[in-house]
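Observations on the model geometry
Next come the chains, spelled out residue by residue.
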Amino acid sequence: MTVMEWIAALLGVACVALAAMRSVWTFPTAIGSVVLVGVVVFDARLYSDALLQGFFVAANLYGWAGWRAARARDGEIAVGWMTPASRAAWAIGIVAAALLWGGAMQRWTDASYPWWDAAIAAGSVAAQVLMARRRIENWALWIAVDLASIPLYLAKGLSMLAALYVVYLALAIAGLVGWSRPRARSAAGIAAA
């Protein structure tokens, strides 16, 4: 594993742990991590994943601004659940995006595992946007993404990234539990996504 991969991994673990604790510092930490991960996965010809890292830079800037504005006087970040209709709409959107992107990657690039990579990318985009919007469901999506990413990275020989996603999986489970606690939730100021 290169020094760049180690730094990306450490920043990645820190950013997910900070997100689970609802700390606004998750966003600048994430930006550092995703830039470095983008270089690594591009070299592995996981182009959907590489483009995803670029999206994460923009999404983390969006989330950082939104969380700073939403922080309560006591510093807490309010979180909330989506409506059933919103969940269904997001699920349909994820499937449609994965199918379209996977087809494009298979047809026009030499991408490795284009459908698998595209499904992970679509789920990751949705999870990141939902985290920026402070929706508890983001953690369920991150759990699914982590479960799908581990075997993909192993198939590509990226064992350190696979190990990192095992850590992310544990942190995502902790995030789901922590954000789901009644004390952590507040419907004030949270519109349905």
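See the structure shown above.
The following refers to the structure shown. All figures in this text were calculated on a predicted structure; none of them were measured in a lab.

**A word on the overall build of the protein chain**
Looking only at helices and strands, one finds seven helices and zero strands in the protein chain. Taken from N to C terminus, the helices and strands of the protein chain fall in the order α-α-α-α-α-α-α. A compact globule built from 193 residues should have a C-alpha radius of gyration of about 16 Å, and the protein chain, at 16 Å, falls within 12% of that. Expressed along its principal axes, the backbone C-alpha trace of the protein chain runs to roughly 50 × 40 × 25 Å. Within the span of the protein chain, comprising 193 residues, buried residues form 49% of the whole. About 9,300 Å² of surface is accessible on the protein chain, with carbon and sulfur atoms providing 71% of the total. Between the mean site of the 14 positive side-chain charges and the mean site of the 9 negative ones, the protein chain shows a separation of 12 Å.

**Here's the deal with the packing of aromatic side chains**
Given two aromatic rings, their pairing is described by the distance between the two centres and the angle made by the two planes. Counted according to the given criterion, the structure contains eight aromatic pairs. Both rings, one in Tyr-165 and one in Tyr-168, keep their centres 4.9 Å apart while their planes meet at 70°; by these two values the pair is edge-to-face. Highlighted residues: Tyr-165 and Tyr-168, both in helix 7 (residues 159–180), separated by three residues, approximately one helical turn. Accessibility assignment for this pair places Tyr-165 and Tyr-168 in one class, buried.

**Some points on the nonpolar core**
Judged by nonpolar contacts, the single largest core of 50 residues is most densely connected at Val-41, Trp-67, Trp-139, Trp-142, Tyr-153, Leu-161 and Trp-179. For this core, the elements supplying multiple residues, two or more each, are helix 1 (3–20), helix 2 (26–43), helix 3 (47–70), helix 4 (84–108), helix 5 (114–132), helix 6 (138–155) and helix 7. Among the elements that take part in this core, helix 7 stands out by supplying nine residues, more than any other. The residues contacting Val-41, other than those within four sequence positions of it, are Leu-46, Asp-49, Ala-50, Gln-53, Tyr-153 and Leu-161.

**Let's talk about the packing of helix 4 against helix 5**
Where helix 4 contacts helix 5, the two axes come as close as 8 Å, and the packing angle between them is 140°. Here helix 5 runs oblique to helix 4, going by the angle between their axes. At the point where helix 4 passes helix 5, the crossing takes the right-handed sense. Every residue of helix 5 that contacts helix 4 at Trp-90, Ile-94, Ala-97, Ala-98, Leu-99, Trp-101, Gly-102, Gly-103, Met-105 and Gln-106 is listed here: Pro-114, Trp-115, Ala-118, Ala-119, Ala-122, Gly-123, Ala-126, Val-129 and Leu-130. Partitioned by chemical class, the residues of the contact of helix 4 with helix 5 number 15 nonpolar, four polar and no charged.

**Brief notes about the packing of helix 1 against helix 2**
Where helix 1 meets helix 2, the axes come as close as 8 Å, and the angle between the chain directions of the two elements is 145°. In this structure, the crossing between helix 1 and helix 2 has a hand that is left-handed. Counting all contacts with helix 1, which are made through Met-4, Glu-5, Ile-7, Ala-8, Leu-11, Gly-12, Ala-14, Cys-15, Leu-18 and Ala-19, the residues of helix 2 involved are Thr-26, Thr-29, Ala-30, Gly-32, Ser-33, Leu-36, Val-37, Val-39 and Val-40. Of the residues belonging to the contact of helix 1 with helix 2, the class tally is 13 nonpolar, five polar and one charged.

**Topic: helix 4**
Taking 1.5 Å as the rise per residue, helix 4 with 25 residues should run 36 Å; its terminal C-alpha atoms sit 36 Å apart, in good agreement. Packed against the buried residues of helix 4 are helix 3, helix 5 and helix 6.

**Some thoughts on the side chain of Ser-112**
Mapped onto the elements of the fold, Ser-112 is located in the loop between helix 4 and helix 5. There is a polar contact of 2.8 Å between the side chain of Ser-112 and the side chain of Lys-156. Not counting residues within four places of it along the chain, the set of residues in contact with Ser-112 comprises Arg-45, Leu-46, Asp-117 and Lys-156.

Definitions and cut-offs
Throughout this description, residue numbers start from 1 for each chain and increase along the sequence as written. Note on the predicted model: pLDDT of at least 70 is required for a residue's local features to be given, and 80 or more for side-chain atom pairs to be given and counted; whole-chain, interface and lining totals, by contrast, use all residues. To obtain the side-chain values, all non-hydrogen atoms of the structure were included, while hydrogens and water were left out. Only DSSP runs of H or I with at least four residues qualify as helices, and only runs of E with at least two residues qualify as strands; both kinds are numbered from the N terminus onward. Here the radius of gyration uses the C-alpha set of atoms, whereas the globule reference equals 2.2 Å times the residue count to the power 0.38. Note on classification: 1.4 Å probe, protein chains only; a residue is buried when its accessible area is under 20% of the maximum for its type, exposed when over 50%, partly exposed between these limits. Computed by Shrake-Rupley with a 1.4 Å probe, the accessible areas treat only the displayed protein chains as cover when residues are assessed. Here Asp and Glu are counted as negative and Lys and Arg as positive; His is not counted, and neither are the chain ends. A charge is said to be at NZ when it belongs to Lys, at CZ for Arg, at CG for Asp and at CD for Glu. A pair of aromatic rings is counted whenever rings of Phe, Tyr or Trp (Trp by its six-membered ring) have centres within 6.5 Å, and the orientation is called stacked for planes under 30 degrees apart, edge-to-face for over 60 and tilted otherwise. Here the nonpolar core consists of buried residues drawn from Ala, Val, Leu, Ile, Met, Phe, Trp, Tyr and Cys, with membership extended through side-chain atoms lying within 4.5 Å. Only heavy atoms enter the contact rule, under which two residues are in contact if any of them lie within 4.5 Å. Axis definition: a line fitted to C-alpha atoms, over the contacting stretch in the case of helices. Angles run 0 to 180 degrees between N-to-C directions. When describing relative orientation, an angle under 35 degrees is termed roughly parallel and one over 145 degrees roughly antiparallel, while 65 to 115 degrees is termed roughly perpendicular and anything else oblique. Left-handed is the label given to a crossing in which the near helix is rotated counterclockwise from the far helix by less than a right angle, and right-handed is the label when the rotation is clockwise. Charged residues are taken to be Asp, Glu, Lys and Arg, nonpolar residues to be Ala, Val, Leu, Ile, Met, Phe, Trp, Tyr, Cys and Pro, and polar residues to be all remaining types, Gly included. Expected helix span is given by 1.5 Å per residue-to-residue step, counting one fewer step than there are residues. Pairs of N or O atoms within 3.5 Å make up the polar contacts considered here, provided that, within protein, one atom can donate a hydrogen while the other can accept it, and that residues adjacent in sequence are counted only when both atoms are side-chain atoms.

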